[in-house]
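Here is what each chain is made of, one letter per residue.
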Amino acid sequence: MIRKIHIHNYRSILDLTVDLAYSEGKAPNGWVEGEVFPFVGDEFGASARTVPVLAIYGANASGKTNIIRAIRSFRRLVLRGLERTFRPNLLNRKYKTTSFSLEFIAAGKIYDYSLEFSEVEVVKEELRELGGGKPIVVFSVGRGVFEVPRIETENYPCEKLKDYYRVECCRDTGEQKKTWLACLGKDYEALSAEVTAAYREIHYGLSVYLENDIDVLGALKRLSESRDFKSQEFTAAKARVEDLMRKFDFGVQRLDIQTQTYDRRRIPELIESFGFVGGRYWHDTPDGVAVDIVKSVHKNSNGKPEALDFFNDESNGTKLMFGILAVCLRTLDRGATVFFDELDRSLHPILLIELVKLFKLKKFNRHGAQLVFTAHDPSIMEDVLMRVGEIGIVNNNVHSGSTLTRLVDMKDKGLNVRNIHNFRKMYMEGFFAGVPYPVL
């Protein structure tokens, strides 16, 4: 469960915090008996409460997408290493390095994991446990630093761990190129429960989508944890998505998925017939080219089932929603956090609200999952589900870069926004800025 992500010197961002902490103070009356979550994570105490949803708004070119890009780059850096991650602010070059930090909750404790890096090396990497007093360092490594007070043991003393760090995480010239967190989290998960918790939070508990156009079959495979279309796990996962699609009123009764194998010499013909470039799934096998054919079944005017070509006959919104729902269900199952850029693209405003309900209603969100997304359609701001801690506004100028302020934090700027206010009206009238000011 994520509380905060801080981004420093990345693309249009100089200093920006994505704050998911519940900051309204006292819990609303009747929240225990109610159907809607005002926050998640109450089992860890009031200080660990976080919002289940954060909707991010702002004008075009304000930096909304760069927030999602930054989080994707952070995850990629942790899991894969430094290559092609450094993207500093090019319009304001006052900083030489980029840094990310993640504050999260795991196993009843709050941790902070941070990375500072340049184009050539990880300058500093640190994991700390945050408690009521001074933060406790689990490890701190980087340029001229190697401290592992909560990791070293009799069998793995500091010097032995340092040798492993030099071999696995650093170049021959000494610069750190991979994260110590991933090196330990993958190969030595039994060595430190704290390191393992942080690694799993980023690897399994954090997913990022720069577009809402998601590989449908891939998303269903991840939801079911099975690659076999005929397996019980895949069939059950597909049925869950199909059930929601019917409830969302798309008219699709089910998906039929079959795999057909063709001779490789027919590839030009297949490309022309099936339009692989348009989203068809195909892969090489020892017997030829296997094509995954997806049909969406509707009821025709006679009430009988009619199979349509999913990729060519369905609307963009229908295709998008299948993938989005599979991703959201997986996130809910894991109690994880998912980030989307422009989640509202090609979706009706009412359907966007229904997606948010999956994370706001207790009957769906049973494990403290979180949804963070950027959007342009402000309709959801008027919905009674949304609270002041769940809407953020992005503004941008060359001196401060992109900034993100939630409505609950507007009081620091002299604007006391309350849950009874019409957020959409205030936003569209420019109270929060974050809107374009065209002059024709």
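Caption draft 1: Inspection of the nonpolar core at higher detail. By size, the foremost hydrophobic cluster in this structure holds 65 residues, and its most contacted members are Phe 340, Leu 355 and Phe 373. Considering each element in turn, this core owes the most residues, ten residues, to helix 9 (residues 316-334). Not counting the four nearest positions on each side in its chain, Leu 355 is found in contact with Phe 248, Met 321, Ile 324, Leu 325, Cys 328, Leu 343, Leu 347 and Leu 371. By size, the runner-up hydrophobic cluster in this structure holds 62 residues, among which are Ile 2, Ile 71, Val 208 and Leu 404.

Caption draft 2: The arrangement of the side chain of His 8 in detail. Note on placement: His 8 falls in strand 1 (residues 2-10). A distance of 3.3 Å separates the side chain of His 8 from the backbone oxygen of Leu 14, its partner in a polar contact. Reaching out from His 8, the side chain makes a polar contact with the side chain of Asp 15 at a distance of 2.8 Å. Residues contacting His 8, with those up to four places away along its chain left out, are Leu 14, Asp 15, Tyr 95, Thr 97, Thr 98 and Ser 99.

Caption draft 3: Examining the packing of aromatic side chains more closely. Counting across every chain of the model gives 19 aromatic pairs. Taken together, the aromatic side chains of Tyr 10, Phe 74, Phe 86, Phe 100, Tyr 113 and Phe 117 make up a single cluster linked through ring pairs. Sitting over the ring of Tyr 156, Lys 160 keeps its end group 4.6 Å from the ring centre.

Caption draft 4: Region of interest: the side chain of Thr 331. One can find Thr 331 in helix 9. Classification of Thr 331 as buried rests on a relative accessible area of 4%. Those residues within four positions of Thr 331 in sequence are excluded, and the remaining contacts are Ser 207, Ala 336, Thr 337, Val 338, Phe 359, Ala 369 and Gln 370.

Caption draft 5: Main features of the pairing of strand 5 (residues 109-117). Judged by how many residues are buried, strand 5 sits mostly within the fold: seven of nine residues are covered. The sheet contact formed by strand 4 (residues 98-106) and strand 5 spans nine bridges and is antiparallel. Residue pairing across strands places Leu 102 opposite Tyr 113, the latter belonging to strand 5. Between strand 4 and strand 5, which pair antiparallel in sequence order, lie two residues; one of them, Ala 107, sits at a positive phi of approximately 50 degrees. Inspection of the sheet shows strand 5 paired to strand 6 (residues 122-130) by eight bridges, in the antiparallel sense. Residue pairing in the sheet places Phe 117 in a bridge with Val 122 of strand 6. The turn linking strand 5 back onto strand 6 is made up of four residues.

Caption draft 6: Local environment of the state of the cysteines. Scanning the entire structure with this criterion turns up zero disulfides. No disulfide involves Cys 158; its sulfur sits 14 Å from the nearest other cysteine sulfur, which is in Cys 170. As a non-bridged cysteine, Cys 170 has Cys 169 as the owner of its nearest cysteine sulfur, 6.0 Å distant. Classification of Cys 170 by relative accessible area gives buried; the value is 8%.

Caption draft 7: Inspection of the environment of Trp 282 at higher detail. Position of Trp 282 among the secondary structure elements: in strand 11 (residues 281-285). On a C-alpha basis, the gap between Trp 282 and Ile 293 in space is 8.9 Å, while along the polypeptide they are eleven residues apart.

Caption draft 8: Representation of unusual backbone geometry in the model. Even without a glycine there, the phi angle at Asp 249 is positive, about 70 degrees. Position of Asp 249 among the secondary structure elements: in the loop between helix 6 (232-247) and strand 10 (254-262). The phi torsion at Ala 433 lies on the positive side, around 60 degrees, for a residue other than glycine. Looking at where Ala 433 falls in the secondary structure, it is placed in the segment after helix 11 (423-428).

Caption draft 9: Structural context of the packing of helix 3 (residues 180-187) against helix 4 (residues 193-203). Helix 4 packs onto helix 3 with a crossing angle of 100 degrees between their chain directions and a minimal axis gap of 9 Å. Considering their axes alone, helix 3 and helix 4 lie roughly perpendicular with respect to each other. Facing Leu 181, Ala 182, Leu 184, Gly 185 and Lys 186 of helix 3, the residues of helix 4 in contact are Val 195, Ala 198, Tyr 199 and Ile 202. Of the residues contributing to the contact of helix 3 with helix 4, the split by class is seven nonpolar, one polar and one charged.

Caption draft 10: Structural view of the pattern of salt bridges. Here the structure, examined in full by the defined rule, presents 23 salt bridges. In this structure, the salt-bridge partner of Lys 360 is Glu 390, at a minimum N-O distance of 2.8 Å. Note that Lys 360 is positioned in helix 10 (residues 349-360) and Glu 390 in the loop between strand 15 (370-374) and strand 16 (391-397), a separation of 30 residues in sequence. A single salt-bridge network, built from bridges that share partners, covers Asp 112, Lys 124, Glu 126 and Arg 128.

Caption draft 11: Representation of helix 10. The terminal C-alpha atoms of helix 10, which comprises twelve residues, lie 16 Å apart, in line with the 16 Å expected from a rise of 1.5 Å per residue. Three or more residues of helix 10 are buried, namely Leu 351, Leu 352, Ile 353, Leu 355, Val 356, Leu 358, Phe 359 and Lys 360. Tucked inside the fold, the buried residues of helix 10 contact strand 3 (53-58), helix 6, helix 9, strand 14 (337-340) and strand 15.

Caption draft 12: Layout of the pairing of strand 7 (residues 136-142). Counting buried residues in strand 7 gives five out of seven residues, a clear majority hidden from the surface. Of the pairings in the sheet, the one linking strand 6 to strand 7 comprises six bridges and is antiparallel in character. Note that in strand 7 the partner of Arg 128 across the bridge is Val 137. In sequence, strand 6 turns back onto strand 7 through a hairpin of five residues. Here strand 7 pairs with strand 8 (residues 145-147) via three bridges, running antiparallel. Within the sheet, the bridge partner assigned to Ser 140 lies in strand 8 and is Glu 147. Counting the residues in the hairpin turn of strand 7 and strand 8 gives two residues, including Gly 144, whose phi is positive at 75 degrees.

Reading the values: rules and limits
Residues numbered from 1 in each chain as written. Predicted model: local features only at pLDDT ≥ 70, side-chain atom pairs only at ≥ 80, totals over all residues. Heavy atoms only, no water. Core = buried A, V, L, I, M, F, W, Y, C linked by side-chain atoms within 4.5 Å. Buried < 20%, exposed > 50% of the residue type's maximum accessible area, 1.4 Å probe, protein only. Helix = DSSP H or I, 4+ residues; strand = E, 2+ residues; numbered from the N terminus. Contact = heavy atoms within 4.5 Å. Polar contact = N/O pair within 3.5 Å; in protein donor to acceptor, adjacent residues only side chain to side chain. Phe/Tyr/Trp six-rings, centres within 6.5 Å; stacked < 30°, edge-to-face > 60°. Lys NZ or Arg CZ within 6 Å of the ring centre and 35° of its normal. Pairing = 2+ DSSP bridges. Disulfide = S-S within 2.5 Å. Axes fitted to C-alpha atoms, helices over the stretch in contact; angles between N-to-C directions. Parallel < 35°, antiparallel > 145°, perpendicular 65-115°, else oblique. Nonpolar A, V, L, I, M, F, W, Y, C, P; charged D, E, K, R; others polar. Salt bridge = Lys/Arg side-chain N within 4 Å of Asp/Glu carboxyl O. Expected span 1.5 Å × (residues − 1).

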